[in-house]
Amino acid sequence: KNLFNFLPWAEELVENIKPYLPPDVPVIAQVLVHDADPEKWARHTEKVASLGADLIELNTGCPVGAMGHIDARKLPPEAKWGMLMGASPEILLPVLEAVVEATNLPVGFKLSPEVGYPRMLYLVEESVKIGIRYVVTTHKYFAVAPPDIWDHGVGKFPALEANCLADFGGSALRFSMYKATALISKHFPQIDTFAGGGIVSAEHVVEAIMLGANACQTLTGIVSGGIKLLTRTNEWLDEYMKKCSYTKIDDFKGIGLRHLRASTEAKFYYYVAQPDLGLCNGCGKCAESYCPAITMQKGKPVVDARHCGCCGMCNFICPVDAFNYIPRS
Ligand SMILES: Cc1cc2nc3c(=O)[nH]c(=O)nc-3n(C[C@H](O)[C@H](O)[C@H](O)COP(=O)(O)O)c2cc1C
Ligand code: SF4
Ligand code: SF4
């Protein structure tokens with residue numbers, strides 16, 4: 001209904017931002033239309049492109065549309081926008097095609113984590129054929145928030161009388177981001193992969209770049225860490241690169257992908273867990289865990305090598321990182 005409401009504001013924003021940007025920093029304009037009509041997306045993109053942006057990003061992962069319906073199965077295809085459209089390739093692909101035809105600017109789209117694996121790879125494969133130049137991984141998850149267990153199961157949001165359908169971003173999304181960034185950049189090196197979702201520290205930026213990201217987005221990181229997260233991240237990156245003797249981003253971009261392979265193709269080392277009794281404080285948490293290989297004897301953990309599968313969980317459980325993993329004799 002209100003397709004063009006934000007256009008004057010966006011125009012002002014682009015005009016005001018551009019003079020301050022170094023010439024090699026592009027402005028990405030994001031397009032969102034509240035239905036699945038390819039024609040409307042194309043016309044809206046034309047308008048946004050005319051504002052002076054350098055790239056077009058289609059918001060095809062927004063969970064807000066899905067939050068308005070308690071059962072999205074009942075919606076007709078044309079009413080599916082945002083995440084509902086992004087997670088349905090048969091609805092999304094005609095939109096991507098119409099937009100790519102409508103502009104000369106590079107077009108990318110923002111993936112919903114609700115697409116899932118391996119469907120996201122089919123989707124990216126088809127979108128590359130259409131002419132999509134980059135993919136942003138990923139938008140927020142669609143969610144149901146927990147009920148308040150101390151108040152009869154009502155919702156916890158102070159301003160809402162119901163427990164409304166919700167979404168979430170932040171750290172819990174990071175593993176979706178790793179997965180999508182790594183697999184898309186590995187299988188589709190001809191397009192750019194922008195990593196987003198769960199990037200809340202400078203280290204996460206390096207991880208994403210090592211998994212092939214060409215650029216990174218963060219939102220929850222800024223909400224929780226403040227806008228200075230961006231300058232802090234750039235400063236940390238400079239220091240990190242000096243420490244590792246990297247002179248440019250390309251020195252470490254994608255190097256993590258060299259180690260990415262199917263578990264059936266990886267060599268398995270026959271190791272066994274061994275607690276460092278000097279570090280161990282005798283808390284017993286490792287022996288109380290699920291592992292049948294560990295018992296406490298005279299206040300210290302003992303690992304029965306016959307039952308240790310070298311899963312690594314004991315060090316995850318141990319509060320002082322007391323476990324080492326050594327080759328089996
Ligand atoms: C308040 C809020 C507003 C958002 N608005 C948009 C938006 O307009 N377009 C978009 O693509 N994503 C939007 N997002 C999603 C974020 O860009 C991001 O994809 C998501 O939060 C996951 O990344 P994060 O873990 O860094 O937050 C919004 C998120 C929040 C919390
Ligand atoms: S590595 Fe796994 S199997 Fe071995 S002792 Fe630790 S928790 Fe048990
Ligand atoms: S969890 Fe760690 S500190 Fe606690 S008993 Fe086991 S090895 Fe020792």
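Computed from a predicted model, the values in this text were never measured in an experiment. (Residues numbered from 1 in each chain as written. Chains lettered and ligands numbered in written order. Predicted model: local features only at pLDDT ≥ 70, side-chain atom pairs only at ≥ 80, totals over all residues. Heavy atoms only, no water.)

Asks: Would you mind showing me how to read the site of ligand 1 here?
Replies: As a matter of local geometry, ligand 1 sits amid 14 residues, with Gln30, Lys110, Gly170, Gly198 and Thr220 nearest to it. For ligand 1, an oxygen atom lies 2.8 Å from a polar atom in the side chain of Lys110. At a separation of 2.7 Å, an oxygen atom of ligand 1 approaches a polar backbone atom of Gly170. Protein coverage of the free-state accessible area of ligand 1, which is 610 Å², stands at 67%. Tallied by class, residues from the shell around ligand 1 come to two nonpolar, ten polar and two charged. (Near = heavy atom within 4 Å. Polar contact = N/O pair within 3.5 Å; in protein donor to acceptor, adjacent residues only side chain to side chain. Areas by Shrake-Rupley, 256 points an atom, 1.4 Å probe, with all protein chains shown as cover. Nonpolar A, V, L, I, M, F, W, Y, C, P; charged D, E, K, R; others polar.)

Asks: Sorry, what's going on with the packing of helix 2 (residues 38-49) against helix 5 (residues 89-102) here?
Replies: A pair of packed helices can be characterised by two numbers: the angle between their axes and the separation between those axes. Where helix 2 meets helix 5, the axes come as close as 8 Å, and the angle between the chain directions of the two elements is 35°. For the crossing formed where helix 2 meets helix 5, the hand is right-handed. Here Pro38, Trp41, Ala42, Arg43, Thr45 and Glu46 of helix 2 lie close against helix 5, whose contacting residues are Pro94, Val95, Ala98, Val99 and Ala102. Per-class residue counts for the contact of helix 2 with helix 5 are eight nonpolar, one polar and two charged. (Axes fitted to C-alpha atoms, helices over the stretch in contact; angles between N-to-C directions. Helix = DSSP H or I, 4+ residues; strand = E, 2+ residues; numbered from the N terminus. Left-handed = near helix turned anticlockwise from the far one by under 90°. Contact = heavy atoms within 4.5 Å.)

Asks: What is the right way to read the sheet that holds strand 3 (residues 107-110) from this model?
Replies: The pairing of strands in a sheet happens through backbone hydrogen bonds and is either parallel or antiparallel. The strand order across the open sheet built from six strands is 1-2-3-4-7-8, with neighbouring strands paired in parallel fashion. Only two strands of the sheet have a single partner each, and these edge strands are strand 1 (28-31) and strand 8 (215-216). Alignment of strand 7 (residues 192-195) against strand 8, held across two bridges, turns out to be parallel. Paired with Ala195 across the two strands is Cys216, which belongs to strand 8. (Pairing = 2+ DSSP bridges.)

Asks: Looking at this model, I keep getting lost on the site of ligand 3. Mind explaining?
Replies: Of all residues adjacent to ligand 3, which total 14 residues, the nearest are Cys280, Cys283, Gly284, Cys286 and Cys318. The cavity that encloses ligand 3 is the largest cavity. Residue composition of the shell around ligand 3, by class: ten nonpolar, three polar and one charged. (1 Å grid on protein atoms, 1.4 Å probe; cavity = no way out; pocket = protein on both sides within 12 Å on 5 of 7 lines; lining within 4 Å. Sits in = over half its atoms within 2 Å of the grid points.)

Asks: Hey, could you run me through empty space enclosed by the protein in this one?
Replies: To find leftover empty space, a probe the size of one water molecule is rolled over the atoms. Scanning the entire structure with this criterion turns up two cavities of 30 Å³ or more. Taken together, 14 residues make up the lining of the largest cavity; nearest its centre are Cys280, Cys283, Cys286, Pro301 and Cys318. Of the residues assigned to the lining of the largest cavity, the class counts are eleven nonpolar, three polar and no charged. If you go around the second largest cavity, the residues you meet are Leu111, Ser112, Pro113, Gly116, Tyr117, Met120, Thr138, Tyr141, Ser176, Lys179 and Ala180. The dominant element in the lining of the second largest cavity, judged by the number of residues it contributes, is helix 7 (residues 174-187), at three residues. (Points joined across faces, edges and corners; volume = space filled by probe spheres on them.)

All quantities given are derived from atomic positions and should not be read as evidence of function.
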